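Here is how the chains run, residue by residue.
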Amino acid sequence: MNVIFQELPGLHGARIGIATLDAERSLNALSLPMIEALSHQLRAWQDDPAIACVLLRGNGPKAFCAGGDVVRLVEACRAHPGEVPPLAARFFADEYRLDYLIHRYPKPLICWAHGYVMGGGMGLMQGAAIRIVTSNTRLAMPEISIGLYPDVGGSWFLNRLPGRLGLFLGLTATQINARDALELGLADRFLLGDHQEELIHGLQRLNWQEQPARQLNSLLQALERQAVPERPDSQLLPRREYLDHLLDVADLPGAWRAITSLREDPDPFLVKAGETLANGCPLTAHLVWEQLRRARYLSLAEVFRMEYTMSLNCCRHPEFPEGVRARLIDKDNAPRWHWPDVESLPEAVIEAHFQPTWSGPHPLADL
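1. Thoughts on the pattern of salt bridges
If charged atoms from side chains of opposite charge come close, those side chains can pair. One pass over the full model with this rule turns up 20 salt bridges. When the shortest N-O distance is used, the salt bridge between D267 and R239 registers 2.6 Å. Of this pair, D267 sits in the loop between α11 (252-260) and α12 (268-278) while R239 sits in the loop between α9 (212-227) and α10 (240-246), and the two are 28 residues apart along the sequence. Its relative accessible area of 18% is what places D267 among the buried residues. In this structure, the salt-bridge partner of R294 is E290, at a minimum N-O distance of 2.8 Å. Of this pair, R294 and E290 both sit in helix α13 (residues 282-295), four residues apart, which is roughly one turn of that helix. For R294, a relative accessible area of 28% gives the class partly exposed. Judged by its relative accessible area of 10%, E290 falls in the buried class.

Set out below in C-alpha cells:
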C-alpha cells in the first residue's frame, strides 16, 4: 500500500502517530490503496485517546507528494470511453473524503511538506493544522498541463489567496517556494530540512496533558528561529500588483490572452507562466475560471461535492486522458486537444462538467 504507520511513545502514556508516504520512485503519488490506508489509520488515531498528535510526511528527498496516480486513472478511462470508470468514482470519492477528514481533524495534524507538493499533495497539506515547509518546498497545482483542473479543494484554497493570485496559479501551474507559501497563507512554519527528527523528539517530550497547544507552539517557534536565515526570497507577492492588473478581465478568454502575452515579458518567471498556459488545455482554463466563480461562497463540503462532479465528468471527456498521455505516458509533450481554441469552446461543454453523472443523492452528501 506504500504507506508506513508508526506510533512513538510520549510522556505519560501519550503516543505520536506518524504516517509516511512510501512511494519514492513516483514522488509519493497517491494511489487508491494509499488513500484508503491513510483514511483508515487517521480515523483510528482520531478515536484513540492515547494518540496526542499526528505527523504526515513523505519518504525521499524530492517530494512530500507530487500528486495522484493519474496514469492509472487514465488507463481506466481508456477502458471505459465516454463513461465514468468505476475506479474514478471510487478514487475521487475516497480522496476527497480523506482531504475533508484532514481539514476537520480534531487532533494536531502536522504536515511536513518538503520538496514537490503538487495536486493531491496539496489536498493533503492544505487541510493540516500545521503546514511545515522547507528550503526546497515547491507548491503547485499543475492540472492545466494534463487536462484536469485544480481539484482536492483547490476551489477552496485558491479562492482564499489575495487578488487574482489564485486564478494565476490555477491557470499557469506556477511553482511557489516556501516564502511565497507562508506569505500567501498556504503554509504555517518554515523549518530546516534536517529539523524533522528534532521535531519528532520534541513532540515525544511534550506534556500533552497540560496546555499542549502552548507547548507545541513553543517547540515550533524555537525550531523556526534557527531556520529564518535560510528562508528564500518571495517570488509571487512582489508581482501581485502587476498580476492583479493583468487579470482584471471580464472572461476566461481575456485572462488567457493576458497571461499568454507574458511570453514576451522580460521577466523569466512570467515568461514561464505564459508558456505553460499557451501549451495548456483550453477546457481546463475554462473550468478553473468557472470553479473559482462558483465556489466563492460555498462551504468546504459543498466545494468537494462540486469537484467530485467535475472530476467524474473530466473522466468522461477526452481532454484528461489526452493530457496524461502526452505528458506522462508517451511523454511527447504534444497533446492534441479536442477543443484547441479557447475563444470558441462551447459553453455547453463547460456546463456539462458541473452536471451529476449519477441518479439519486450525491455520493458525498454526508460530508
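2. Considerations on the sheet that holds strand β3 (residues 51-58)
Within the open sheet, the six strands sit side by side as β1-β2-β3-β5-β7-β9. Their pairing is mixed. If you trace the sheet from one side to the other, it starts and ends with β1 (3-9) and β9 (189-190), each paired once. Where strand β2 (residues 15-21) lies against β3, seven bridges are found, and the strand directions are parallel. Residue pairing across strands places L21 opposite G58, the latter belonging to β3.

Rules and cut-offs
Residues numbered from 1 in each chain as written. Predicted model: local features only at pLDDT ≥ 70, side-chain atom pairs only at ≥ 80, totals over all residues. Heavy atoms only, no water. Salt bridge = Lys/Arg side-chain N within 4 Å of Asp/Glu carboxyl O. Helix = DSSP H or I, 4+ residues; strand = E, 2+ residues; numbered from the N terminus. Buried < 20%, exposed > 50% of the residue type's maximum accessible area, 1.4 Å probe, protein only. Pairing = 2+ DSSP bridges.

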